[in-house]
Every structure is written in C-alpha cells, then in structure tokens.
Amino acid sequence: MALVTMKRKRDSDAATSSSTSGGNESLGAEFDVLLSFRGPDTRLNFTDHLYHSLNGAGIRVFMDNEEIRKGEKVGEELWRAIDDSRIYVPIFSRDYASSAWCLRELAYMVECSRRSTEKVIVPIFLDVDPRDVKLRTELYSDALKKHEDRLGYDKVQPWKEALTEVASIGGWDCRGERQGELVKLITDEVSMRLAKRVRVVPDLLVGIDHQVQSVMYMLGKDSLDVRFVVIHGMGGIGKTTLANFVFNQIASQFDGCSFLSDIRELSQRGKIVKLQKRLLSDILNSKSLEVPDTDFGINMIRGRCRHKKVLIVLDNLDKRDQLVMLAEKCDWFGPGSRIIVTTRDSSIFTNNASMHPKEYHFYEMEEMHQSFAIQLFSRHAFKSDAPPREYDKITGEIVKFTGGLPLSLKVIGSSLCRKIDEVWHEVLAKLKKTPHKEVREVLEVSYGMLDYEQKEIFLDIACHMAGERIGDAIAMWRACQFYPNVNIPVLISNSLMKMENNHIWMHDQLGDLGRELVRSESFKHPGERSRIWCTTVAMDVIRKKQGTKEIVALKLGGQSQVCNISSEDISRLVNLRFLELDGGNFVGDFQNFLLELKWLSWQNCPSEFQATNFSPSYLVVLKISKSDITNDWGGWSQIMGEGRLKALHLVSCRRLIKTPSFSTCSTLERLVVKDCGRLVEIDPSIRMLLHLKHLEINACSGLWVLKGAPTMLNLGTLYKTNDILSRNRADQTRRIVPTRSSSTQQMALVTMKRKRDSDAATSSSKSGGNESLGAEFDVFLSFRGPDTRLNFTDHLYHSLNGAGIRVFIDNEEIRKGEMVGEELWHAIDDSRIYVPIFSRDYASSAWCLRELAYMVECSRRSTEKVIVPIFLDVDPRDVKLRTELYSDALKKHEDRLGYDKVQPWKEALTEVASIGGWDCRGERQGELIKLITDEVSMRLAKRVRVVPDLLVGIDHQVQNVMYMLGKDSLDVRFVVIQGMGGIEVPDTDFGINMIRGRCRHKKVLIVLDNLDKRDQLVMLAEKCDWFGPGSRIIVTTRDSSIFTNNASIHPKEYCFYEMEEMYHSFAIQLFSRHAFKSDAPPREYDKIT
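Not measured: the values here are computed from a predicted model.

### Some remarks on the overall build of the protein
Within the protein, the regular secondary structure consists of 42 helices and 38 strands. Burial statistics for the protein: of 1089 residues in total, 50% are counted as buried. Looking at the protein alone, contacts between residues at least 24 apart form 69% of all its contacts between residues at least 6 apart. On the protein, roughly 52,600 Å² of surface is accessible, and the fraction owed to carbon and sulfur atoms is 49%.

Put into structure tokens, the structure is as follows:
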C-alpha cells in the first residue's frame, strides 16, 4: 500500500457506492439489517463503522447512498428494501428528526414490525437522550412542529407515534461510551438475534419435501390451540434432520423458540436442569437465569411461558420423565404454541391415559424411497445426484441392502468415495451376507474398513467417551499411541463421529453398533469383553473375579452399587486403561497394579483414601467430582506422583480449600477447577506448569491466589477462564472475581447507558494489557484522549485487535506519575508500528508531543520501526506548522517550557507530517479504518518469511551461512547457497536503473531464490556498488557456475555454501513428524520407515 498525504481515492467510486449501499442495484433481495440514519450527521463516522462491523460479521446490510432518495421510483425501491429486511436499526442523531425522509422510513419500519413478529427494531441513541426521541424535550419536538407547519397534522402524526413507540423499545445509549466497543457489542447482538432462529441442516438433503409437508399439516399453522407433534422412528432415519428443517421454516412466527438437542444423552448424565435453563434462556432471551433444581425449573417454565406463543423442539426423547420436566402440559404455554418431539419410542405418549388425543399428532418416519436413496447415496459417494453409468448396477445393489436408512446411506457412501473398484465389490459382498433390515451390520461395514487405532477410538467413544472433552480424550489416546490427530479426522470424514463445542458426539445408532460389537466379543462371559459400561455387569465381574486381560475400560459403582476395590479384585485386569468410578474406594496394597491405567474418573470420591502404593505410572487424565476430598487427601501424592499427568479436573469438590501441589505433575496441559465453592487457594506450584495450554476456573467465588503465585501464565494456544484477577489487598494477595457472562452483557438491551462488567477490567483491556508493558506490541496508538478516545481511536483499536494485531492504547491513568511514564516509554520501545492520530487539539497536549518525539527518535535508531500518521480532522500543513492551528499551541508550550524543550517536538511534527499518511477529512471512517487495518497487517506480515513448522537438522547450516554473511563487516557481500532442487518460489523483476539508483545508499538484505541464469542476476543485483555499505545478498541456485565461470566477479565479494544431504537420523525425524506426528516412527514401522 503506497502511503500518500493526499486523500485516498478508492479503486472505483462506483464500486464503493454499491458496496456501501448494500447492493442497491438489487434492492429486491433480502437483507438482514437496514440502517436508518441522517447522512450528514453520521454517514462518514458512526454509521460507516457500524456498517463495516456488521458486514465483516457476514451480515447482509442495507445502507442507502446519497442518490437513493432522488425520484419517486427509487423511493419505492427503498420501501421494498425495508420490506425485505429482518432487523431495523434507526440511528438517532441530533438532527435525525429534521429529515422528513428519515421519519418516513421510521414510520414504515414501525408499520412493518407491527405486521410481522419476525421484524425487530433495535434503536441506537447516538448523541440524544431517549426522552428527546419521545418528544419530551424541544430537540425533536421543534423539528416535528416545523414539519407539521409545512405538511399538515395528518402527515406528521404517524411520525410522532413512530418516534414515541421506538423510543420506548430497549436500545443502545451511546453517549459517553467507547464507540468501538459499543459497535462490537451491537454486532454481537444482531448476530445472536439472526442466528438463534436458524438450525443447521445438512447440505445434501434428499426427499424431505413430502415429510415437511406432512408435519406442517399436523402443526396447523393458523390454529390457536397448543399442539404437540411427535416424530418417531428408528435411529438414524432422519428425525432430527426433519425437525431442524421444520424449525427453520416456522421459527419466525413465534415469540420465542428453543431447540433442545439430544435430550436422551444429557438426561443420562444428569443434565435435566441444564436443559430447563437452556429452554428458559432461549424463550426469555436471557442468559442470567439460575435454575437450582428440576422442580424450580418446572414452575419457572409454566409460569414464564404461559402467555407466550412458543416453538419448542425436544430432540431424542426416550423417557416420560423428560417430558414431565420440560413441557408436560399444554397450559404451560400460550395460545398457538407448538412442541415438536423426536423419539424412537412413541409408547412414551400412546401408553399414557392422561394425555388428550387431540393435543398429540404422530408422524412415523418411513424408509427412504429407492430413487431418493440412490440420490442421497450418490451425493456422498460421487458428489452428484446420480452414479456414473458404470456404477449404476453396484450402486443399486448397495442401496438395496442399506434398507433406505439415511444414516447408512451417508456413512457407506462417504466411506466409498474415491475408493477403487475392488473396495466397492468387497463392500457389496459383505452387505449381501447381511439382511437389509439389520442396520447394525450395515454400519459395521464402515467400521470394518477402519485401522486398528481407529477402531479402538471408535469403540472407546461408543462405550465410554461420548460427551467427553476432546482435549482430554486426545491426551489418553496419544498415550495409548492411537495417533488421535491422524485418526480422528478419518472417523469424522466417514461420518462415524463429530465434534460439537469441543466435545465428542456420536450418533445413537453408531453408539449402539459399537456396544454391540463389544458385546459380541463374548456373549456369555462379560469378563472376556474389552469394555464394560454397564455398572451392574461390571460389579458382577469384579465380585466373581471374572475379569481378564481383555478388559481395557470399565465403569463401576452407582447409587446402589458402591463397593471397595482391592488389588485382588483387579489383579487380572492387567491392560485396564480407562476406569470410571462412582463412589467406592481402593483398599489395600496396589503396588505393581493398574500399571496401564491412562484415565481415572472418580465421582463421589470418599474423603479417606485407603490404598497404599497406589501409583498408576502412566495416568494422563484424572477427573474427580462431587467429592468430599480435602487438600490433605491421602490420594494426591500417590495418584499424581508419577509425573505423566496431562489433564486434571476438580469439579464440585465440596470441602476442597486448597488445590493440591502441582510440583509432581509438571507435564500438565489442561487444568479445570469448577464449582468448588469453598476453595480459597491455588497452590503456588502452578507456576511450574510450563506446558499448561488450557486453564479453566469457574464458579469458585471464594478463590484467593497465594502470595507469590503468578498472575500471568504461559498458556500456549488456549487460555479460557470465567474468572479474572483484580485488586491488590493489604496482604498482597489477589482475589479471583467471577465476571458476568459475555452473552448477558451483549444481549441485555436497555435504554439506560451500558455499563461494563468492571471498569478496571475494561481499562486493562483497553490498555492492551498495561500490567505487562514489557511485552512486545505490534502497534502503538498515540492520540489526545478527549478528542478521539471514545470514537475514532476506539473504532481503530477494535479493528486492529480483531485482526489479531497486538495494540497498545493507554488508559487515562497511565500518564500520572513519572514511574508509569517510564513504562509508557518502554511500550513505545517494544512496539513495531507507531500510529499518531492528529486531531485539532493534539498539539495542545505536551504528553502527545513527548510521545511523538520519542517515536521519531526510535524510528531513527531502527529501520524496523515505522510511523503511519493519521490526519483525522487536520491538514498535513497544520502538522507541518505552516498554519496557526498547531503553531499557536507550540508557541504556548515554548513560552512555558522554553525553546530547548519544545524544538524537538517541532522537528518531530514536521518530520512525521512529511511521511505518507492517511488523510481522513471527508472520508467514510469505517471504510478508512478497514484500509488502515489492512495496511498495518501487510506491514507486519512482510517482515516475516513463512518457514515449515517441522524443521529438522537446520541449525548447523544456519550457523555456516551466518558466518559467511559476516554480520559486522561493512563490505557488500554475496552468499550463494547451491545444491539440488527443492522448493521453487517465483520473484518479481525490478528496473535496473531504479534498483541501483534508489538502493545505493541503503543497507539492504536481499534474497534471490532459485536463480538459474546469469541474466537474472544482471537485472536484479549485478554489482556491489548498487547497494549501501553492509548490504548482504543471498542467492540460492542449483548451478554455481553462474558465478564461478564469470571472470568479472571479484572472489572476495562472493562466498559459497554447498548444501549436503540430510543426516540419516535427521531424515528419519523429519519423515516421522509428517507421517506419524512424532519424532520417531512406531516400533512396527521402524523397518519400512
């Protein structure tokens, strides 16, 4: 991007106009949001920022241009755009009411929102009070009176009513708020409003139209009764997909909507209260609800929803109790409400005499028609609606044996995609042996195509790990050498599992398949199976000592089956790697037992640990929940003493006051502490967890970090916590204070000013992390706070921050006191790009001028430092002191501080104003900030070359080349790296005259990659005198004779480094990193590797 001090012209004014208008050439298209505003007030600033923020979030925005309102025909198109938009955002500025066009728009928006509950108005009070808009002050009242004098009462009265009605809606009051942060919150609000009504459905739907029509008929669109529609059928037949599709079709017709997914799975895990809370949050549009128990939830649902027309989907219901606790009776909901239920077992409803038959309508899912089945299979197997002619016959035969089950068609089709003919015929041969109604065996075909490690992962999920966090599971599978990072994508691509919100998900039918496969390992002797998930069966095996070395995973205990486990009980379980306990205890000496255990999950763990020598040396995941353990619990030292632990979860440990010491588990990568109400201390050894990547502390309201514990951790790729560190106390401890959920902050629309969760937290955030100014920043923003902090600068900060750029922006306190001032200078030292924002009063601030002078000084010392000035509402001539605006301010400083103090400030202003920068006057600020962000991103990116992540054996080569370069020598030197071919990267030719003319006084570093002809060198970097002293030119080539056979080249100017073959050990390491995701191959792959 070429920086110029003249105004930035766009590539095409016409193109920009079209873009900004949201595409006015096609106003009949549907928009998500329509912005209503008075152009002269806000078009170039707030409205443009909001438009670009919404547009950047993928929201379709209509924003008219200046020409749209000329002529009646175009006006009609504007009304059509209002008709086709879903959310209206009027931006009330001081002169909004002076525009008859704005008032016409507003009145029509109100009229449209009255006609349809799908239309929503979200008002923004930019620089006015809601009382002004309600016509309770003179500001808008006077403007309306002028309209009435000119147009008459009948014309203006609807405008008055519209203003009053909209001002009574909860909206965003922007006065005194940081506009950048506010625009982000508004964007999040709009995104959530748009997203909550849409369920994700598969792209490759086939034959669903007649099913949708049947269900829609049963729903009875215009009936005011409360109605249940039950969609029932076997697993995998498409019940949830149909419910998703219908939900999307009709959601806009209701006051509130909720889709509760997979109720069966959540209720089995005791999460009914969570489902009640989710239903209420969805319907009431509130995230701050608390539901302590199921009875409270029932009372709240029937009390808060009885006057609302709601749409609820209860997905995968399998027990009557679930319905009772979520949506038992029709009188819980308002007239016209609809409850859709999907279930495998319709007897939940038909066997209950208390239900009125008119309230329930049943739709039974049927097998897919043959033609639709072929189409669905073909879309997954061939990525088309029909098979190629040569696959017609075999496709028909395979589809016949799937029994028209959509899940089977999808799974088998996906597994055969791009497979050779032999695989197809083998699959068909297996299917022919299986009756088509035997769905388990159909799905087993895809299972049979998996490798050993993939099968093990699949069976682990089916029997024990559905719903677990993917990070914990990966830690265990990696310890088992199942290569999860390689094999999980295989399972996902074959439609055998999914990941949802970082948790593992598997379709019920696939889970049934996996469990049946394990059961078939030994129908008569459970102790000879690899996995036992039924606690009754497991307890029977343990009591009778029938366990064998085949068992790798075991679930024990439960409310009526609590038992103590001795080493004798599990002596034969030598390969046990997964153990889930509910209650009970370990008793006796466990030396040399459970040596293969990788995962221990212990619920209702007792306070006294009765085992000795309990040291599972390969344990990587430890989860303790709902227990009475304390910080001096006897199990800590034994269980955590081997130093291989990767994940530790402490959840609902009621008596835990202090976490255990982490000194023996320095390998820990994931730490979760949740719902430990009495916890007050985290052990200081947490600082030793150098590998920690995920930290989650939640609902531990009394938590105090011990003196000396770190307040910042190196958390690698992920740091997630719902708590923040705040305020020092007299004893030099820090308290962890739970924050409100961000969703609550984003969703609560109020007409009063939006307050942040914590002013201190916001200040820290806005300072780019001032508590650690020594960290390196990408960008330092210099500005005068009163001029731009709440508007332009805040928008720019959020745009840069959203692009992943580390930004320093000081808060109001940073400049108080010399000590903090020195830290501010450190921040300038450690930043790479300086962005001074020149406003009209910038030069009146001595602090701003000190900053600027120091930035100029730093940029002179290092070519890595760059200054990118922004001329916000001033002319570059003002900054060059050629007008009175800045000159007068500098004269006042000089009178007060003296010539010597102020002269460097003058020189800095003049120098920076001569640099190419951004002139913002008369420009759309939102668009301009986007361009500035792109500019900064490019400047930051161009200094770093991308190199492979998995480099091996390069260190000694780098040392040799660095020695040849001669870092401190002032001669101009060529280093030629020669060797056989590898990577090719094309480059650009520059004009010879321009290169040698513009570079001769610069110390430059140039790399000419993959040079193969002498002419290329001649046109790019022929001679040393083209470049300044100390320059270095690195050349890579396959042919060193380009240089050695040329008599004109001086030997002292060229150094040659010949690349050699990689050492054998490095070669194996590099290959293994790509093939196995480790530094060495598995033992069985040694020879072939």
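Structure's up, so let's keep going.
### So, the environment of Asp129
Among the secondary structure elements, Asp129 is positioned in the loop between strand E5 (124-125) and helix H6 (130-133). In this structure the side chain of Asp129 is engaged in a polar contact, spanning 3.2 Å, whose partner is the side chain of Arg175.

### A look at the sheet that holds strand E7 (residues 227-232)
Spatial strand order, E8-E9-E10-E7-E11: five strands in an open sheet with parallel pairing. Sheet topology places strand E8 (256-260) and strand E11 (360-364) at the edges, where each strand pairs with a single neighbour. The mean inter-strand angle of the sheet, taken between neighbouring strand axes irrespective of direction, is 15°. Here strand E9 (residues 310-317) pairs with strand E10 (residues 338-343) via five bridges, running parallel. Each bridged residue has a counterpart across the sheet, and for Val313 the counterpart in E10 is Ile340. Strands in contact with helix H10 (residues 209-219) are E7, E10 and E11; relative to E7, the strand with the most contacts, it is inclined by about 155°.

### Side note on the packing of aromatic side chains
With the rule as written, the count across this model stands at 37 aromatic pairs. Between Tyr447 and Phe458, the aromatic rings sit 5.4 Å apart at their centres with planes inclined by 50°, giving tilted as the arrangement. Placement of the pair is Tyr447 in helix H21 (residues 439-448) and Phe458 in helix H22 (residues 452-465), with a sequence separation of eleven residues. An aromatic cluster of at least three residues, connected via ring pairs, comprises Phe586, Phe590, Trp602, Phe609, Phe614, Trp633 and Trp636. We note Lys309 situated over the ring of Phe254; from NZ or CZ to the ring centre the distance is 5.1 Å.

Rules used in this analysis
Along each chain, numbering runs from 1 in the same order as the chain's sequence is written. Where totals are concerned, whole chains, interfaces and linings use all residues; where local detail is concerned, this predicted model gives features only for residues with pLDDT of at least 70, and gives and counts side-chain atom pairs only at 80 or more. Here the side-chain values reflect all heavy atoms present in the structure, with hydrogen atoms and water set aside. For the purposes of this entry, the term helix denotes a DSSP run of H or I that reaches at least four residues, the term strand denotes a run of E that reaches at least two, and both are numbered from the N terminus. To sort residues, take the accessible area from a 1.4 Å probe on protein chains only and compare it with the maximum for the residue type: under 20% means buried, over 50% means exposed, and anything in between is partly exposed. In this analysis, two residues are considered to be in contact whenever any of their non-hydrogen atoms come within 4.5 Å of each other. In short, Shrake-Rupley with a 1.4 Å probe defines the accessible areas, and a residue's cover is counted only from the protein chains shown. We define a polar contact as two N or O atoms separated by no more than 3.5 Å, with the added condition that, inside protein, one atom must be a possible hydrogen donor and the other a possible acceptor, whereas residues neighbouring each other in sequence contribute only through side-chain atom pairs. Two strands pair under a simple rule: DSSP has to find at least two bridges between them. The axes used here are C-alpha line fits, helices contributing only the stretch in contact, and every angle between their N-to-C directions lies in the interval 0 to 180 degrees. Two rings from Phe, Tyr or Trp (for Trp, the six-membered ring) form a pair when their centres are within 6.5 Å of each other. A pair whose planes differ by under 30 degrees is stacked, one over 60 is edge-to-face, and the rest are tilted. The criterion for a charge sitting over a ring is simple: Lys NZ or Arg CZ within 6 Å of the ring centre, and within 35 degrees of the ring normal.

Bear in mind that shape data such as this cannot, by itself, settle questions of function.
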